[in-house]
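Listed below are the residues making up each chain.
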Amino acid sequence: MVLEEKIKEIAEKSKIEIESAKSTQDIEQIRIKYLGRKGEITELVRGLKDVSKEDKPKVGKLLNELKSGTEESVKKKLEELGTREKSRKLESEIIDVTLPAKGIERGKIHPITKTLEEVKDVFKGLGYYVVEGPDVETDYYNFEALNIPKDHPARDMHDTFYISKDILLRTHTSPVQIRVMEKEKPPVAVIVPGKVYRRDADITHSAVFHQLEGFLVDEGITFGDLKGTLTYFLHEVFGKIHRVRFRPSYFPFTEPSAEVDVECIICNGRGCRICSNTGWLEILGAGMIDPNVFKYVGYDSEKHTGFAFGMGIERIAMLKYGIDDIRLFFENDMRFLRQF
Amino acid sequence: MRVPLEWLKEYVDVKLSPEELAKRLTMSGIEVSSIEFHGKKVEGVVAGKIKAIERHIRRPDLFVCQIDIGRKIIQVVTDAPNLRVGDKVPVALHGAKLVKDIRVKRMELHGVESFGMLCKAHELGVSEAQGILILGFEALPGEDIRKVLGMGGYVFEIDILPNRPDCLSIIGIGREVAALTSKKLEHPVFKLKEEGKKIKKLANVTVRENTLCPRYMARVIEDIEIGESPQWLKERIIACGLRPVNNIVDVTNYVLMEIGQPLHAFDLNLLRGREIIVRRARPKEKIITIDDVERELSGENLVIADSERPIAIAGVMGGKDTEVNPGTRTILLESAYFEPFCVNRTSKALKLRTESSIRFARGVDLEGVAKALDRAAYLISKTSGGKISRGALDIKVKERKPKVLTLRKERVNKILGTDLGSQEMVSILKKLDFKVSKGKEIKVEVPLFRANDIVREIDLIEEIARVHGYEKIKESMPHIRLKEEKENLLDLLKEKIRKILVGHGLSEVTTFSMIGLKEFDKLGIPKNDELRSLIPLANPLSENEGVLRTTLIPSLLQVLSHNIRRQIKDIAVFEIDKTFIKSGENLPKEKAMLACALTGDTGFAWQKGKEEKFDFYYIKRIIEDLAIELRSPIKIEKATHSAFHPGKCAKITFDNHNIGFMGEIHPDTQKAYDLPQSVYLIEMEIEPLVKYVKEKPLYKALPKFPSVERDLALIVPEGLTHENVLSAIKEAGGDLIEDVRLFDRYKGKPIPEGHLSLAFSITYRDPHKTLTDTEVNARHNEIADTLIKKLNVQIRK
């Protein structure tokens, strides 16, 4: 029974070899050695034809067991080594997830634009639409048609940059009111964002700053509507917990006029440096559009009434973000811009 | 304006606390910006009664006093020799504050403890007198010294709106307080005693400019003695923020504050010809005003003159030559009405704002002229012992009649959104001294002190709203009904552009619209370039902000240099704003522009690679993304521009129009702005892009058949651009080409000198069937052959 011994010998030998295999390559070598085309087991199977008829079933069975047993062991070992190798490979591929991210960091929108967008969105939601007007204006639109004739003391409040006697840099966004009403018949509901210019500069004043103007003209618009609209607006921007108050003021182009204050968002009305201990912050100027203004644009003030309001965007941004120097907005220091 | 509460109380009975009163005033449009306690500097000083005095054991020049300060008896050491038991004195307690910020502390003086300090008058700021101040017998031990001496009191700082000159006086504020609290306003009562000569014998007044000076009044007071004003008068004008001068000037200031009518006193004996002429100044006429400044006048200015020379600038300031001086015996007191616009112009032209010019420029009370004159004459006679001559000189054009307005109840409620009854309206107006008659309509007579402010029904409505209280008007939400939906496309476009740029790492900046002329030299803009067609400001704040910008680039370069100076080297910024293009004498054309400036690293520095620095192709990506996102056919073509590097500049075209430039900064410009590293710039108009901003993408079906990719490597002469080769490939490939992409560009060995290697990956696809290898190969070879023939390239195997 040479053959039977041979089978036994191969079985033992291959078992040891398979067990001691270190890598999937080793296993492949072993597989070829025993089960390949010229493999030792394959050779034995091939030699089965020379075995005597009576021995054939027995030897055949033994050979089959050897072949399938080896195949099974190879497969098992291969799986085992594969898993180990894969995990070793993955281990070697570990990265430092704390390294800085790739690609450029997103840029930032300027805090003035952010604030303007926020304010615009509130009014757009109420049905107002955006109109822009020229920065360079005529005396007529900036003053005259807004009921501020020459020598009017209200001109003192506007330190004006002039280009010529009649051409100037607008001191407020209000001239756009006139431009819109000259073109459109009521109802109109418009907001006007834009740059304005005043010839004075210090920590709270910049020669260039931004305003947002708004106005609504239709039949039956009242001072109560003005209060409702602006209270809603201030609550949207500063939060509902802050009280809003309207107190009489003076603007040549509105009558009655109001200054609109919101309870100081820094001290909640207790009084602090920001609100000069009054507990209130002046945010908006507003009022019912003066009949004289309607006269200039050809509206019938008996039929139509309307309100207008205006606000300084820098002021709102300063309050919202706690900025104490208006010049920061125009210096554009990246360390400043990056914060918004 | 400063309003001492004690003074105010002389005319109206105020029962409210200062805080409550301030709130009421503010809510009616008379804004109290601060409440101050006058005499605030002195704190912690009380009246004390001396119980016992002993000499100091070790220092005989010092005295140890036991002082009753109400709650207890304290020991104080003093050097004052004149004190007696029973005297009442001011005692500064430990921690007290005196004028000049002196602080009092408990201390030991040669072994004896002193728990405070006895005060001299000047230490309390009461007078210059030396020696311990002895208080009157009525002072109670422990009482606050400010109360004892009447040196304290609340002072309101009030911001008066420009339309309310009537409130620029204590009585004016008093009227408002009376109306708000439903009290009666009590005017000062006095009796004028005239004596001596008739005024006409003493002086003469001629008004040559009746329209500019519709009323001029004068009184003469003789035998006056110039001296210090009484304490009460000084205290009041000090509380108002004015400086006491003498008993004549102080009275004119007192009446100015009390009634709001500016007055002026001349030394009559110094008036040449003893006359007053109100006339326009002669061209270049000069006057030295009481502030010792010589001022040159013009025909625009109204002056008060004597027979020879101007002696005052009407309504603004008096002249030095004729001012009241220690030797003055006779004065001429002026009270007048000067036209607001005239005083306003003069005050502006001379850059001289005074208490007087502020009031005249806004309009004083025409009726107050006579009242104030008499009031001042009366007070002067009281304080200086002078005799008021008989009669007053009074030149007036004609009486101004009060205006009568009609008020409609419905109109009031329509404007305010209220439901007020006519009785409420009438009552409010009456409280404000309007005369109201109620028939079928409400007729309202406007008092002259409101003549400039209240001229229409709407002005009355404001008064009603104001006194009724804005806070009582109910809020409502208007229903906005517009004919059509309107959208501002430019605004929408800007918003989209911002979003795209932020995604590329650019931050938005905001800069001034005015720049300096020298920026154009720094940019190297040629002398006759359109960008130099500038609009200068007539009154710029500085030369650096002298013209309106025609380009945003200089502002951005300034932003870069500002940051670089602060060690920030990697910067990518953009701005969207207008530039101003001159258009003859008309308003300039305002163009909406976008500008970008990038310098340094992209911020990804630890993996060294090509993309690390900003470069031309980085900003090209930005423009191309704008084109894609905005669905705008934007093209980039080689060009030159004086501010850009001549080899690294392109123009941006849109619908065949040049709308801007992009590229690397010219080394000269970089140097001019002192920038240590190269900068990449974009500047373009954005308004043309508005056209496509609402364009919506239209879906195309996805391909049904697979694509095939083939690479094509070429050796091309260096003069050939990528675009040349690309379009040749596309042309030769025809409709089978879906996409062509450059994946490698190489220069150097083994590529021959003067040549480049370009490698493209070409995607073929037939929308109607699956392409066979044979078809693709045939087309690919065709392309190669065409390129060899047409462009003189070699195929790299």
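Keep in mind it's a predicted model, so treat the numbers as computed, not measured. (Residues numbered from 1 in each chain as written. Chains lettered and ligands numbered in written order. Predicted model: local features only at pLDDT ≥ 70, side-chain atom pairs only at ≥ 80, totals over all residues. Heavy atoms only, no water.)

**A word on the overall build of chain B**
Tallying secondary structure elements over chain B gives 19 helices and 40 strands in all. For 797 residues, the compact-globule estimate of 2.2 N^0.38 gives 28 Å, and the C-alpha radius of gyration of chain B, at 42 Å, exceeds that figure by more than 25%. Burial status across chain B gives 52% buried among its 797 residues. Residue pairs in contact within chain B that sit at least 24 positions apart in sequence constitute 68% of those at least 6 positions apart. Accessible surface for chain B amounts to roughly 38600 Å². Of this, 50% is attributable to carbon and sulfur atoms. A gap of 3 Å separates the mean positions of the 130 positive and 117 negative side-chain charges of chain B. (Helix = DSSP H or I, 4+ residues; strand = E, 2+ residues; numbered from the N terminus. Rg over C-alpha atoms; globule rule 2.2 N^0.38 Å. Buried < 20%, exposed > 50% of the residue type's maximum accessible area, 1.4 Å probe, protein only. Contact = heavy atoms within 4.5 Å. Areas by Shrake-Rupley, 256 points an atom, 1.4 Å probe, with all protein chains shown as cover. Lys, Arg positive; Asp, Glu negative; His and termini not counted. Charge placed at Lys NZ, Arg CZ, Asp CG, Glu CD.)

**A short note on the interface of chain B and chain A**
Taken together, the 89 residues of chain B in the interface contact 97 residues of chain A. Roughly 7800 Å² of surface becomes buried between chain B and chain A when both sides are summed, with 57% attributable to carbon and sulfur atoms. One can count 13 salt bridges joining chain B with chain A. Note that Arg498(B) and Glu117(A) form a salt bridge whose closest N and O atoms lie 3.7 Å from each other. The interface formed by chain B and chain A includes 42 residue pairs in polar contact (both at pLDDT 80 or more). (Buried area = accessible area lost by both parts, 1.4 Å probe. Salt bridge = Lys/Arg side-chain N within 4 Å of Asp/Glu carboxyl O. Polar contact = N/O pair within 3.5 Å; in protein donor to acceptor, adjacent residues only side chain to side chain.)

**A few points about the layout of surface pockets**
Think of a ball as big as a water molecule: rolled over the atoms, this probe shows where empty space is left. Residues and elements named next belong to chain B. Looking at the second largest pocket, its volume works out to about 1800 Å³. In terms of lining residues, the second largest pocket is bounded by 37 residues, among which Phe616, Tyr617, Lys620, His722 and Glu723 are the most central. Looking at the lining of the second largest pocket, the elements with two or more residues in it are helix 16 (616-629), strand 33 (634-638), strand 34 (644-654), helix 18 (722-733), strand 38 (737-746) and strand 39 (755-764). Looking at which element gives the most residues to the lining of the second largest pocket, the answer is helix 16, with eight residues. (1 Å grid on protein atoms, 1.4 Å probe; cavity = no way out; pocket = protein on both sides within 12 Å on 5 of 7 lines; lining within 4 Å. Points joined across faces, edges and corners; volume = space filled by probe spheres on them.)

**As for unusual backbone geometry**
Excluding glycine, residues mostly have negative phi values, and the peptide bonds linking residues are mostly trans. Between Glu255(A) and the following residue, Pro256(A), the backbone shows a cis peptide bond with an omega angle of -10°. Relative to the helices and strands, Pro256(A) resides in strand 7 (residues 254-263). Of the consecutive residues Lys749(B) and Pro750(B), the connecting peptide bond is found in the cis state with omega at 0°. With respect to the element layout, Pro750(B) can be found in the loop between strand 38 and strand 39. Of note in this structure, Asn268(A) is not a glycine but carries a positive phi near 55°. With respect to the helices and strands, Asn268(A) occurs in the loop between strand 7 and strand 8 (280-289). The phi angle at Asp223(B) is positive, at roughly 60°, despite the residue not being glycine. Note that Asp223(B) resides in the loop between strand 13 (215-222) and helix 5 (231-239). We classify Asp223(B) as partly exposed; its relative accessible area is 37%.

**A short note on the environment of Glu10(B)**
All names here are of chain B. Among the secondary structure elements, Glu10 is positioned in the loop between helix 1 (5-8) and helix 2 (18-26). When near neighbours in sequence (up to four residues on either side) are disregarded, Glu10 contacts Glu186 and Arg236. Within the structure, Glu10 has its side chain in polar contact with the side chain of Arg236 (distance 2.6 Å).

**A few points about the packing of helix 5 (residues 111-126) of chain A against helix 10 (residues 313-321) of chain A**
All names here are of chain A. In contact at an axis separation of 9 Å, helix 5 and helix 10 are set at 100° when each is read in the N-to-C sense. Here helix 5 lies roughly perpendicular to helix 10, going by the angle between them. Between helix 5 and helix 10, the residues in contact are Pro111, Ile112, Lys114, Thr115, Leu116, Glu118 and Val119 and Ile313, Glu314, Ile316, Ala317, Lys320 and Tyr321, respectively. Per-class residue counts for the contact of helix 5 with helix 10 are eight nonpolar, one polar and four charged. (Axes fitted to C-alpha atoms, helices over the stretch in contact; angles between N-to-C directions. Parallel < 35°, antiparallel > 145°, perpendicular 65-115°, else oblique. Nonpolar A, V, L, I, M, F, W, Y, C, P; charged D, E, K, R; others polar.)

**With respect to a positive patch on the surface**
Where like charges cluster on the molecular surface, the positive patch consists of Lys198(B), Lys200(B), Lys201(B) and Arg390(B). For Lys198(B), the position within the fold is in strand 11 (residues 194-198). (Patch = residues over 30% accessible without salt bridge, like charges linked within 9 Å, V, L, I, M, F, W, Y side chains within 5 Å.)

**Brief notes about helix 16 of chain B**
All names here are of chain B. A rise of 1.5 Å per residue sets the reference length of helix 16, with its 14 residues, at 20 Å; its end C-alpha atoms lie 20 Å apart and thus fit the reference within 8%. Listed in full, the buried residues belonging to helix 16 are Phe616, Tyr618, Ile619, Ile622, Ile623, Leu626 and Ala627. Buried residues along helix 16 sit in contact with helix 13 (489-503), strand 32 (589-599), strand 33, strand 34, strand 35 (657-665) and strand 36 (679-685). You can read the cap of helix 16 off the contacts: a side-chain oxygen lies 3.2 Å from the backbone nitrogen of Tyr617, and it is on Asp615. Two residues or fewer past helix 16, Arg631 is found with a positive phi of approximately 50°. (Expected span 1.5 Å × (residues − 1).)

**So, the packing of aromatic side chains**
Taken as a whole and judged by the stated rule, the model has 21 aromatic pairs over all chains. Centroid distance Trp7(B) to Tyr254(B): 4.5 Å. Interplanar angle 25°. Geometry classified as stacked. Of this pair, Trp7(B) sits in helix 1 while Tyr254(B) sits in helix 6 (residues 249-259), placing them 247 residues apart in sequence. With respect to class, Trp7(B) is no different from Tyr254(B); both count as buried. One aromatic cluster in this structure is built from Phe123(A), Tyr128(A), Phe233(A), Phe307(A) and Phe309(A). A cation over a ring is seen here: Arg175(B) above Phe449(B), with NZ or CZ 3.6 Å from the ring centre. Across from the ring centre of Tyr673(B), 4.5 Å away, lies the NZ or CZ of Lys522(B), which sits over that ring. (Phe/Tyr/Trp six-rings, centres within 6.5 Å; stacked < 30°, edge-to-face > 60°. Lys NZ or Arg CZ within 6 Å of the ring centre and 35° of its normal.)

**Quick word on the sheet that holds strand 38 of chain B**
Residue and element names in this part refer to chain B. Across the sheet, four strands lie side by side as 38-39-37-40; this open sheet has antiparallel pairing. Because the sheet does not close on itself, it has two edges, and the strands there are strand 38 and strand 40 (794-795). Docked against the sheet, helix 18 engages strand 37 (708-717), strand 38 and strand 39, running at close to 145° with respect to strand 38. (Pairing = 2+ DSSP bridges.)

**Concerning the pairing of strand 18 (residues 302-305) of chain B**
Residues and elements named next belong to chain B. The side-chain alternation of strand 18 yields two buried faces, one formed by Leu302 and Ile304 and the other by Val303 and Ala305. Note that strand 15 (residues 275-280) and strand 18 share four bridges and pair antiparallel. Bridge pairing in strand 18 links Arg279 to Val303. Relative to strand 19 (residues 310-313), strand 18 runs antiparallel, the two sharing three bridges. By the bridge assignment for strand 19, Ala305 is matched with Pro310.

**Description of empty space enclosed by the protein**
Residues and elements named next belong to chain B. As enumerated under the stated definition, the model contains three cavities of 30 Å³ or more in all. Reported here for the largest cavity is a volume of approximately 230 Å³. Within the residue set of the lining of the largest cavity, elements represented by two or more residues are helix 4 (170-181) and helix 9 (368-384). At three residues, the largest contribution of residues to the lining of the largest cavity is made by helix 4. When the residues that make up the lining of the largest cavity are grouped by side-chain class, the tally is five nonpolar, seven polar and five charged. Put simply, the second largest cavity is a space of about 70 Å³.

**Describing the side chain of Arg219(B)**
Residue and element names in this part refer to chain B. For Arg219, the location among the structural elements is in strand 13. The exposure class of Arg219 is buried, given its relative accessible area of 6%. From its side chain, Arg219 meets the backbone oxygen of Gly391 in a polar contact 3.3 Å long.

**Points about the sheet that holds strand 30 (residues 547-548) of chain B**
Residue and element names in this part refer to chain B. Strands sit in the order 28-30-29 across an open sheet of three strands; the sheet is antiparallel. Every other strand in the sheet has two partners, leaving strand 28 (514-515) and strand 29 (535-536) as the edge strands with one partner each. Both strand 28 and strand 30 contribute to a ladder of two bridges, which runs antiparallel. Across the sheet, Met514 pairs through a bridge with Leu548, a residue of strand 30.

**Re the pattern of salt bridges**
Residue and element names in this part refer to chain B. As enumerated under the stated definition, the model contains 93 salt bridges over all chains in all. Measuring nitrogen to oxygen at the nearest pair gives 3.4 Å for the salt bridge that ties Glu285 to Arg282. Residues joined in a network through salt bridges with shared partners are Arg164, Asp166, Glu176, Arg450, Asp453, Glu463 and Arg466.

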